[in-house]
Each structure stands twice: as C-alpha cells, then as structure tokens.
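Architecture and fold: a report
Below, each chain spelled out in residue letters.
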Amino acid sequence: MTSRRLDGTIGPDLVVQGTLDGKSDLRIEGVFEGEIDVEGTIQIGPEGSVTAPVRAASIEIEGELRGDVTATDGVAILPGGRLIGDVRARRIAVEDGGALQGGIEMDFDDPGAVRA
Amino acid sequence: MSVKTSVIPEGLTLVGSIEGKGDLVIAGTVEGPIELSGELVIEPGGVVRGDVRAEGLVVRGLLAGDASAKSGVRVEPTATVIGDVSAPRVNIVDGAKVRGRVSMTGEPIVPKSVRRRRRQPPPEEAPVIADDHAPTTPGMPAPVPATPRKRQRTRPSREAKPPPPAPEPQRAPEAIRERSEPRTAAPVPEQSASVPEQSAPQNEPSAEEPGSRRRRKRRRGRGRGRRPPPPNIPTVPRQKARRKDRSTEAPEPPA
C-alpha cells in the first residue's frame, strides 16, 4: 500500500461530522466523526483524528482512528498511527511505532488445526 | 502553506456538517450545513444541500440552501442556486440559474473607468493626468460634471452625451483646468443640455488665477492620495507644482 496523492482531502483545520460514503479515496487530516463507507482508500494523516467505524478498500493510519475497521484489501498502521478498535481485513501491517488496541480478525483459510 | 485546501471529491457523499478553517472545494455531494472561514467552491458536478456560510463562495454546481458570505459570492453560468444569497457583493454571471432572494449588503463599487468618466472630459490626445489614474481613452462619452468631491453618486444621464469632437481639441491643452473645472462650477452644467455651452464655462478658468486651479487640483486628490496643503507664506505666491511635461507656465521660483 503506497501513500499516493488522493482525490479528496479533509484539511487539518476542518471538523466534519456525518456519514461519508462513495467511491473515492480520501485523506483525512482533520477531525471526522461519524461513519465512513467508501470503495476506496482512506488515509488518516498524522494530525487526523477519526472516530468512526470505517469500511474501505484499504486503510492507512498515521493518525488516530477510534472505531472498528473493515477493509476489503488491507490495513496499515504506520509509525505514529493508532488504531483503537477491531480490524477485519485480508491483510494487516503494523509498523514499528504504530499502535493497535483491539482484535484482529483475518479471513484466511485455516491451514488445518495445529497438529501436535 | 498555512491552511490547506480541502476537497470533497466527485464520487463521495457526506451527509453531515463541515466546519472549520481553510478553503474547501466540493466536487461531490454534501448534505448538511457548511460553515467555513475560507473560500468555498462548489465545482460543476458538486452538490450542496444545506446552508452555507463562508468567507467567499463560488458556485459552479448545485447549491440548494441559503448562502451567506463575508466577502462575496460568485455564481457562474453552470450553477444552480436555490435559496437565499446574502453577501456584500454578489456576482451572478449570465447563464446561472438562481431562485431565491439575493441581497447585496455592501457599498456599490464604482469601477475606476466609470468614476473617471464621470468626472473628466475625455481628452482627444490623452494628456498625463495629474495625480491619479491611467489616461482616459478617447471616444468615451462626455463626462458628467460631478458635484465636487462626490464619488459614487447615482448616474446622471450619461447616455445622452456623445463625445463632441469639436470642442475637444481646444480643451486638450487646458485639459488640466477643465478636468477640475466641472467639479467646482457652482451650477453644475448638465452636459446633455447643450454641448457647445460646456466649452464656454470651461474656457473661463483660463482667465482665473493659477492659484485656484491649483486648489481645484488638490481637491481632486482628496480621499485618494492626499497631498498636504501648500504652505501659506504671505510673501510667497503659490507655487504651481506641475509635472515638467505639462507645465504651461513656468513655475514661480520661491522667494
């Protein structure tokens, strides 16, 4: 997951409340509270603070996210990022300096019960 | 950059409120109030359903809600506005669809060219103008002699005055005097009354003392870039501070 320039931005001095949904990518550097359900990438910048359940294709966290997260692709918690909530995704990466407080539920085929 | 421009991209819908600082461009849909201390632009595909308060507003898409701006509102041809709009200046470009009450709360801004036109006769060969603005273009309709020092008056019948070519050449060398003359002529001659007459009162100031001309010229500068009044030394006649290329009389040397 790369940090590329995204379509949408919520700037650092903005406070947005409500339900966000659609097909675009979005970078949140301000404050968001509500729900997010997009078919794109959500990036939370270092100053960003999101209090919302998030459903997205992929989620990159450099700021703070409080809420459960469901990604069809993957979740990345980058250095400085904090996720407080459960994660449900196909891939997850928590980098050195990232923080996760919650459960991870990953969908993969159980390669069989661990055999003693 | 101090404050960043935020973007709600096309394809995104927000049902909720936005508030804060900085500029915001909406190409998606926002249903809810927006309160911004920056410039809000609603792009052609953008939809805002809700009341908007911003520093400045440019609508190119759909705005359904009341809008109020601190500096100005501009509604462009691709825009549809349904709601009341209130701002010191509201600019609605031809083609825009607007339904609602529009209130402009600010002072009318008279453009420089109109202001100039109202005050001076248009010189044929544009002489250098004393203190303020760019030279007038020839062929402008003859100006209305505004009452002295009034700047933004309601328009008198400017339409009735085609530029008279005949009097202009004789006016040109005395353009400086004439320019100031209409403003101090006590009975303001309505130029629509008779065009030849205007040359008559305007030729008179050539007979007047240079000092009054100077005084009039100073009056024009008032409010614009004021000059300090010339010193009132009893033994010294008033100096004419002319630009070199316009002096018709040699300035008197100080005593």
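The structure presented is a predicted model; accordingly, all values stated were derived computationally and were not measured.

How each quantity is defined
- Residues numbered from 1 in each chain as written.
- Chains lettered and ligands numbered in written order.
- Predicted model: local features only at pLDDT ≥ 70, side-chain atom pairs only at ≥ 80, totals over all residues.
- Heavy atoms only, no water.
- Helix = DSSP H or I, 4+ residues; strand = E, 2+ residues; numbered from the N terminus.
- Buried < 20%, exposed > 50% of the residue type's maximum accessible area, 1.4 Å probe, protein only.
- Areas by Shrake-Rupley, 256 points an atom, 1.4 Å probe, with all protein chains shown as cover.
- Contact = heavy atoms within 4.5 Å.
- Buried area = accessible area lost by both parts, 1.4 Å probe.
- Polar contact = N/O pair within 3.5 Å; in protein donor to acceptor, adjacent residues only side chain to side chain.
- Nonpolar A, V, L, I, M, F, W, Y, C, P; charged D, E, K, R; others polar.
- Pairing = 2+ DSSP bridges.
- Core = buried A, V, L, I, M, F, W, Y, C linked by side-chain atoms within 4.5 Å.
- Patch = residues over 30% accessible without salt bridge, like charges linked within 9 Å, V, L, I, M, F, W, Y side chains within 5 Å.
- Salt bridge = Lys/Arg side-chain N within 4 Å of Asp/Glu carboxyl O.
- Lys, Arg positive; Asp, Glu negative; His and termini not counted.
- Charge placed at Lys NZ, Arg CZ, Asp CG, Glu CD.
- pLDDT = per-residue confidence, 0-100.

What chain A contains, in helices and strands, is zero helices and 14 strands. Mapped in sequence order, the helices and strands of chain A form the string β-β-β-β-β-β-β-β-β-β-β-β-β-β. Across the 116 residues of chain A, 44% fall into the buried class. For chain A, the accessible surface area stands at approximately 6000 Å², while carbon and sulfur atoms represent 45% of it.

When helices and strands are counted, chain B shows five helices and 15 strands. Each of the 255 residues in chain B was classed as buried or not, and the buried ones make up 42%. Taking the contacts inside chain B whose residues are at least 6 apart along the sequence as the reference set, 29% of them involve residues at least 24 apart. Summed over its atoms, the accessible surface of chain B is roughly 13400 Å², and 53% of this surface lies on carbon and sulfur atoms.

Time to look at the interface of chain B and chain A. Chain B puts 20 residues into the contact, and the matching count from chain A is 23 residues. Together, the buried faces of chain B and chain A total about 1600 Å²; carbon and sulfur atoms form 55% of this surface. Area buried by chain B at its contact with chain A is led by Lys4, Leu12 and Leu14 of chain B, which between them contribute 29% of it. Applying the counting rule to chain B against chain A returns nine residue pairs in polar contact (both at pLDDT 80 or more). Put simply, the parts of the chain that give the side of chain B that touches chain A at least two residues each are strand S1 (5-8) and strand S2 (12-21) of chain B. Residue contributions to the side of chain B that touches chain A peak at 10 residues, all from S2 of chain B. Considering only residue class, the side of chain B that touches chain A consists of nine nonpolar, seven polar and four charged. In this structure, strand S2 (residues 14-22) of chain A lies alongside S2 of chain B, joined through nine bridges in antiparallel fashion. Residue pairing in the sheet places leucine 20 of chain A in a bridge with leucine 14 of chain B of S2 of chain B.

Before going further, it helps to spend a moment on the nonpolar core. Core analysis: the biggest nonpolar cluster contains 52 residues, and Phe32, Ile42 and Ile59 of chain A together with Leu40 and Leu57 of chain B have the highest contact counts within it. Dropping the residues within four chain positions of it, isoleucine 42 of chain A is found in contact with Leu26, Ile28, Ile36, Val54, Ala56, Ser58, Ile59 and Glu60 of chain A.

It is worth spelling out a negative patch on the surface at this point. All names here are of chain A. Taken together, the side chains of Asp21, Glu35, Asp37 and Glu39 present a region of like negative charge at the surface. The residue aspartate 37 is located in strand S4 (residues 31-38) in this model. Aspartate 37 sits in the partly exposed class, given a relative accessible area of 41%.

The next point concerns the pairing of strand S3 (residues 23-26) of chain B. Bridge count between S1 of chain B and S3 of chain B: four bridges; the pairing is parallel. Directly across from threonine 5 of chain B, in S3 of chain B, lies its bridge partner aspartate 23 of chain B.

In low-pLDDT regions, the fine details of the predicted coordinates are not to be read closely. Per-residue confidence for chain B gives a mean pLDDT of 72, with 52% of residues at or over 70. Overall fold confidence (pTM) sits at 0.59, and the ipTM for the predicted complex is 0.87.

A separate point is helix H1 (residues 112-119) of chain B. Most of H1 of chain B is tucked away: six of the eight residues are buried. Among the residues making up H1 of chain B, those that are buried are Val114, Arg115, Arg116, Arg117, Arg118 and Arg119 of chain B.

Once that is clear, we can look at the side chain of glutamate 29 of chain A. Structurally, glutamate 29 of chain A can be placed in the loop between strand S3 (26-28) and S4. Judged by its relative accessible area of 11%, glutamate 29 of chain A falls in the buried class. Engagement of the side chain of glutamate 29 of chain A in a polar contact is seen with the side chain of arginine 27 of chain A, the distance being 2.7 Å. Ignoring any residue separated from it by four or fewer positions in sequence, one finds glutamate 29 of chain A in contact with Thr9, Ile10, Gly11, Pro12, Gly45, Glu47 and Gly48 of chain A together with Lys4 of chain B.

Along any regular strand, the residues point their side chains to alternate faces of the sheet. Residue and element names in this part refer to chain B. In this structure, strand S8 (residues 52-59) lies alongside strand S10 (residues 67-75), joined through seven bridges in parallel fashion. Among the inter-strand pairings, alanine 54 is bridged to a residue of S10, identified as alanine 69. Pairing geometry for S10 and strand S12 (residues 85-87), over two bridges, is parallel. Pairing of alanine 67 across the sheet is with valine 85, part of S12. For S10 and strand S13 (residues 89-92), the ladder comprises four bridges, and the chain directions are parallel.

A cluster of nonpolar side chains, namely Ile92, Val98, Val102 and Met104 of chain B, defines an oily patch on the protein surface of about 300 Å² accessible area. Checked against the element boundaries, valine 102 of chain B lands in strand S15 (residues 102-104).

Between side chains of opposite charge, pairing is possible as soon as their charged atoms come close. Residue and element names in this part refer to chain B. Taken as a whole and assessed by the stated rule, the structure comprises nine salt bridges over all chains. Between arginine 74 and glutamate 76 there is a salt bridge whose closest N-O contact spans 2.9 Å. Owing to a relative accessible area of 15%, glutamate 76 belongs among the buried residues under this scheme. The network of salt bridges with common partners includes Glu43, Arg60, Arg74 and Glu76.

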